[in-house]
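One letter stands for each residue in the lines below.
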Amino acid sequence: QVQLVESGGGLVQAGGSLRLSCLGSGSIPRHNIMGWYRQAPGKQRELVATVTKGGNTNYADSVKGRFTISRESVVNTVYLQMDSLKPEDTGVYYCNARPEAGFGYKIVDYWGQGIQVTVSS
């Protein structure tokens, strides 16, 4: 059973910083992509950032230059450093893991339970 457990959320004032962590466990394929998605109240879940096992990153335009995603090279742990936070960043942040295509794995998404991030003005 794959488990993704997030930590590091909370309430912060605009302009502040938070660092989210996600620890993955279970049968996650060696070749995988990990990332963060978020969902604001009344809105669709959206991609925030992803990082491959090889270190290739992808960011939503809204967070470029402010957020940094990184991961461990061996264990399935991913981080999201969030700086210069804005009220618009408020939402539930979900950790995600997905097998990388091209290695014979069935492509399925694994999700954490989500963690609240609230940015006040």
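Source: prediction; values computed, not measured.

### Brief notes about the overall build of the chain
Right, on to step 1. In terms of helices and strands, the chain carries zero helices and eleven strands.
Right, on to step 2. Listed by position from the N terminus, the elements making up the chain come as β-β-β-β-β-β-β-β-β-β-β.
Right, on to step 3. Computed over C-alpha atoms, the radius of gyration of the chain comes to 14 Å, within 12% of the 14 Å expected from 2.2 N^0.38 for 121 residues, which places it in the range of a compact globule.
Right, on to step 4. Counting only C-alpha atoms and orienting by the principal axes, one finds that the chain spans roughly 45 × 25 × 25 Å.
Right, on to step 5. The buried share among the 121 residues of the chain stands at 42%.
Right, on to step 6. Here the contacts in the chain between residues at least 6 apart in sequence split such that 55% fall between residues at least 24 apart.
Right, on to step 7. Put simply, the chain shows about 6,600 Å² of open surface, and 48% of that area lies on carbon and sulfur atoms.
Right, on to step 8. One way to put it: in the chain the 12 positive side-chain charges average out to a point 4 Å from where the 9 negative ones average out.

### Some remarks on the side chain of asparagine 32
Right, on to step 1. Along the polypeptide, asparagine 32 turns up in strand 4 (residues 32-39).
Right, on to step 2. A polar atom in the side chain of asparagine 32 sits 3.4 Å from the backbone oxygen of arginine 30.
Right, on to step 3. At 3.1 Å, the side chain of asparagine 32 forms a polar contact with the side chain of asparagine 76.
Right, on to step 4. Among all residues touching asparagine 32, those that are not within four sequence positions of it are Val51, Thr52, Lys53, Arg71, Asn76, Arg98, Pro99 and Glu100.

### As for the side chain of arginine 66
Right, on to step 1. In this fold, arginine 66 is placed in the loop between strand 6 (57-59) and strand 7 (67-71).
Right, on to step 2. Take arginine 66: its relative accessible area is 11%, and that puts it in the buried class.
Right, on to step 3. Among residues more than four places away in sequence, those in contact with arginine 66 are Gln81, Met82, Asp83, Ser84, Leu85, Lys86 and Asp89.

Parameters at a glance
- Residues numbered from 1 in each chain as written.
- Predicted model: local features only at pLDDT ≥ 70, side-chain atom pairs only at ≥ 80, totals over all residues.
- Heavy atoms only, no water.
- Helix = DSSP H or I, 4+ residues; strand = E, 2+ residues; numbered from the N terminus.
- Rg over C-alpha atoms; globule rule 2.2 N^0.38 Å.
- Buried < 20%, exposed > 50% of the residue type's maximum accessible area, 1.4 Å probe, protein only.
- Contact = heavy atoms within 4.5 Å.
- Areas by Shrake-Rupley, 256 points an atom, 1.4 Å probe, with all protein chains shown as cover.
- Lys, Arg positive; Asp, Glu negative; His and termini not counted.
- Charge placed at Lys NZ, Arg CZ, Asp CG, Glu CD.
- Polar contact = N/O pair within 3.5 Å; in protein donor to acceptor, adjacent residues only side chain to side chain.

Everything listed here is a matter of coordinates, which is why it stays silent on function.
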